[in-house]
Each structure stands twice: as structure tokens, then as C-alpha cells.
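Understanding the architecture of this molecule
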Amino acid sequence: MRKTYIVVTVLALIVIVGQHLTSPSSGRAVSPEDFAGACAPCGAPCPSKK
Amino acid sequence: MTTAILSAPSARAGASIDVLFLGLAILATAAITALVLLDGQMASAALVIGGFGLGIAFWKAEFSYTASFRRFLNSGEAGGLIGGLIVIAVAALAVVPVAALYPNYGGAIAPLGPSLIIGAFVFGIGMQLGNGCGSGTLYTVGGGSGRMLVTLAFFIAGSVFGSLSLPPFLAMGGIDPVLASDYLGPWGGLVATLVSIAIGIAIFITIARKRGANWKPSRSYIVGGLAIGLLCVFVFAAGGHPWSVTFGYTVWGAKIATALGFDLSNAAFWQWPGPKQALTNSVLSDTSSLTDFGVIFGAMAAAAATKPFASASWPPVKSLLAGAVGGLLMGWGARLGFGCNIGAFVGGIASGSVHGWVWFLACLPGCWIGIRLRPLFGMSKD
């Protein structure tokens, strides 16, 4: 299991770093709740807005 | 493979340090922290550090919402759930008033309706089969459980399916979030929230006594609950919202699906502004991902600092299958139910939002079913 963990951890770290370096960044980290009209942690709209 | 495990003479008998994994955990945390600091994002670095602390606290206290639900339903033992309410009470002291008074902060809110109830119910089933909830999966993966690696992989997949299911379930109807501070103001809302927690504790104690079970939280749950509650406040201060776990899983899954050639950008969920930006931007721009990474590596550091890491053998196939099924159900349920024990139960109640209690009441019967399904996969009901 240790080998699996080493492979998974190193791969995950490479993917995180690579994805970050090749993707746009919003500057400040955000949550979907930060956006106007969000009514839940995932950013779902409020029932009354439909 | 040669393992790098050093005995620590000054430590208690039998304790040892797994230098390889301790180093890996610290290196990974340092790398992620450095990346966000290079972008000048102090708050993002604080979220990673806060997550790291949460990983250590959860691991050291062996704090488990899943086991707490199970013990309460099986025997009436309420100490674990009361420990969970200690976390919520500590977090509420900051979240309710600050979210109501300062526009840059907000609570964890969610609409009340079929989506919330069905999602929490399904999550409860999955939680007992997966043997860990959102936070439990994170810290046990970090702590070296191969079984929970399987649970996490399917949790991530399930949450992507959940993101596709949520809009039609929301269309079934519901009402806007009900927040105590909207009706009673910041301090009245806080009082109402603390009173609701006190009533919850009183009900748990009454049920435990009637069933002849212990209701007192263990020392580790009291100390751990206080520490986790304070770290929840730290994460809230850094991120502007209560700690949440499962949106990060959904983002990871959607990014993996996109990399594999699936186009999610036209799905209704991924056209909402928050998810749309999360799908496009760096994973380190998402608050829940930052704390998730911190929790995993914090738990890894804590585990590796005390014993040989991931030294157990793989569990039986049936157990791995339960982890896969549980992970899928939890992922799907978390998206429909607006989070897990952390995002919905802890975050919701600590924000004074009624949906937190509705989530808990809907999750309980799901757990009851999940407990009865565990023997099918060779798992104990206890």
C-alpha cells in the first residue's frame, strides 16, 4: 500500500502544480457563494429567482 | 522498497516516525502554499494551513461523524454527536454575527426542498457504506487508508453525477434559505442558534438515557471538538465562508472529466457563475480545494509522525466495493444536499441556517439504512 500511496501522492502533486501553472487564476481564492445570486455553497440559485 | 522509518528514542514505546511520508506531507503543503503566495494570496495560504491543522486535529482526536451517527442509532450513545455540536457551537460564535455584520463574509445557506432532503438521505446511506463522510474521507485518505482512497475516487465521480442531477431536482421546487439572523439580527440569531444546539444536546441526552447509553463525549471529542471548532473559525476568517469540503471534489472530478474529453460546460450546473469559474480557473483558486489539500497532508503528517505510514494490507474486495458504492452515493447526495457533515450540518447550523438541521434529520434515516446494508459487504453494523 505504501507504493500506491507514493505514486498517488506524487502524481497528485504534479497534477495540482501543473494545473495551477497552466490555468487562469482569479487572484483571490473564491467560493461559488461569492457570486451574485448564489443561494448555496455550490452556487445554486434561489428558488425565488426562477 | 526500502522504507525510511526512524525510531524516536524519546517518544513513547512503540512510536516511530515515518520520515518519507512526513517529509512528503510537509513538502506537498509547502509547495502548494508557495504557489499561492507567489500569486500574493495570503488568504489562500491561510486556507491551506488551516486545512493542515484540521487534518492533524481530526486525526489526533479520531473525530468521526460517521461513527457518531452509527453509535447513536445502534445503541443511543450520544457523546460523538454532542462532540459534533461542540464544533458547531464554537464556530457559530463567530460565523452568525460576522456573516450578518460584514458584507465580505457570508454563512452557509441553502434552499429547503426535495433536493436537500433526498440528497442528505442518500448521503447518509453512503456515509455508512463508505465508512467516512466528506471530512472523514479526507483525513483517513491522508492518514494512510487504502480503502478510503477507493471511497474518495468514487466520491469524486459521484459528485460529478450529482452536479448534473442537481438542476432538475431543484426544479421540483423549494423555498429560499431561512437564516436566523435575517429575522432576529446578528446577536438574536446567534442566541437562537445556540439555543437550537442546546435543545439538540438535551434531546440526544434524553434519548441516550432512555436507552441506557452513555451520553458524555470522550475527552478526545471535547478537546478535538474545541480545536476543530476554532479551526473552523480560522478557515471562515480566511475564506469568508464556513469550511466546506465536497465542492472541491466536484471541481476535481469535473476537471478530470474535461481532461478525458467530456464537455461539461453546457450542463446547467456548470453554467452557474461560481461553478463555471471554478471549472476554468486553477484548482488553487477554489477555497474548498485549498482546505481539502491541507486536510489530506495534515493528516498524513500526523499519521507519519507517530507510526509507519500505510503499513496495513489492502482490505477484502467486498470492503473496497462498499467503499466504492458508499463514495458514489455520498458524492451524488452531497451535491443534491448542498454538502456533507461539514458544509451542510456544521456550516449550516453554525450559520443559523435551518437547512443544517433539516439536513441532519434527513441524513439520520439514510444512516439507519446504510448501517443495515453494511453486513452485505462483510462490514460490522457497529
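Residues numbered from 1 in each chain as written. Chains lettered and ligands numbered in written order. Predicted model: local features only at pLDDT ≥ 70, side-chain atom pairs only at ≥ 80, totals over all residues.

**Description of the overall build of chain A**
Each helix and strand in chain A was counted, giving 1 helix and 0 strands. Taken against the 2.2 N^0.38 rule, which gives 10 Å for 50 residues, the C-alpha radius of gyration of chain A at 17 Å runs more than 25% over that of a compact globule. When the backbone C-alpha atoms are referred to their principal axes, chain A occupies close to 50 × 25 × 15 Å. For chain A, buried positions account for 32% of its 50 residues. (Helix = DSSP H or I, 4+ residues; strand = E, 2+ residues; numbered from the N terminus. Rg over C-alpha atoms; globule rule 2.2 N^0.38 Å. Buried ≥ 20, exposed ≤ 12 C-beta atoms within 10 Å, placed from the backbone.)

**Topic: the interface of chain B and chain A**
One frequent convention defines the size of an interface as the accessible area lost when the parts assemble. Taken together, the contacts link 59 residues of chain B with 35 residues of chain A. Looking at which element gives the most residues to the side of chain B that touches chain A, the answer is helix α11 (residues 273–280) of chain B, with 6 residues. Split into classes, the residues belonging to the side of chain B that touches chain A amount to 30 nonpolar, 24 polar and 5 charged. (Contact = placed C-beta atoms within 7 Å. Nonpolar A, V, L, I, M, F, W, Y, C, P; charged D, E, K, R; others polar.)

**Section: the nonpolar core**
Residue and element names in this part refer to chain B. Among the nonpolar cores identified, the biggest contains 146 residues, and Ala-91, Cys-232 and Ala-299 are the most heavily contacted of them. Among the elements that take part in this core, helix α4 (residues 79–101) stands out by supplying 15 residues, more than any other. Setting aside its immediate chain neighbours within four residues, Ala-91 contacts Gly-229, Cys-232, Val-233, Phe-236, Pro-242, Val-346 and Ala-350. (Core = buried A, V, L, I, M, F, W, Y, C linked by C-beta atoms within 7 Å.)

**Overview of the environment of Ser220(B)**
Residues and elements named next belong to chain B. Locating Ser-220 in the fold gives a position in helix α9 (residues 219–239). Spatially, the C-alpha atoms of Ser-220 and Ile-56 are 13 Å apart, while their sequence positions differ by 164 residues. In this view, Ser-220 contacts Ala-61 and Glu-62; residues no more than four positions away in its chain are not counted.

**A word on helix α2 (residues 42–61) of chain B**
Taking 1.5 Å as the rise per residue, α2(B) with 20 residues should run 28 Å; its terminal C-alpha atoms sit 28 Å apart, in good agreement. Summarising burial for α2(B): 17 of the 20 residues are buried, a large majority. (Expected span 1.5 Å × (residues − 1).)

**A short note on the packing of α2(B) against helix α6 (residues 134–142) of chain B**
Residues and elements named next belong to chain B. Running from amino to carboxyl end, α2 crosses α6 at an angle of 85°, the nearest separation of the two axes being 10 Å. The angle between α2 and α6 places the two elements in the roughly perpendicular class. Here Gly-55, Phe-58 and Trp-59 of α2 come into contact with α6, specifically with Ser-135, Tyr-139 and Gly-142. Across the contact of α2 with α6, the residue classes break down as 3 nonpolar, 3 polar and no charged. (Axes fitted to C-alpha atoms, helices over the stretch in contact; angles between N-to-C directions. Parallel < 35°, antiparallel > 145°, perpendicular 65-115°, else oblique.)

**Considering α11(B)**
Residues and elements named next belong to chain B. Listed as buried for α11 are Gly-274, Pro-275, Ala-278 and Leu-279. The buried residues of α11 occupy one face: seen down the axis, they fall within an arc of 130°. Each element contacted by the buried residues of α11 is listed here: α10 (246–259). (Arc of directions from axis to C-beta.)

**Some thoughts on the environment of Ala268(B)**
Structurally, the position occupied by Ala268(B) is in the loop between α10 and α11. Linking Ala268(B) and Glu77(B), residues 191 residues apart in sequence, is a C-alpha distance of 43 Å.

**Notes on the environment of Leu170(B)**
With respect to the helices, strands and loops of the structure, Leu170(B) is situated in helix α7 (residues 146–170). A sequence separation of 57 residues divides Leu170(B) from Gly113(B), and the C-alpha atoms of the two residues are 7.7 Å apart.

**Topic: the packing of helix α1 (residues 19–38) of chain B against α2(B)**
Residues and elements named next belong to chain B. The contact between α1 and α2 brings their axes to 8 Å, and the two run at 160°. Considering the angle they form, α1 stands roughly antiparallel to α2. Classified by chirality, the crossing of α2 by α1 is right-handed. Here Thr-29, Ile-32, Thr-33, Val-36 and Leu-37 of α1 lie close against α2, whose contacting residues are Ser-44, Ala-45, Val-48, Ile-49 and Phe-52. Split by residue class, the contact of α1 with α2 holds 7 nonpolar, 3 polar and no charged. (Left-handed = near helix turned anticlockwise from the far one by under 90°.)

Function-wise, these values are silent; they only describe arrangement.
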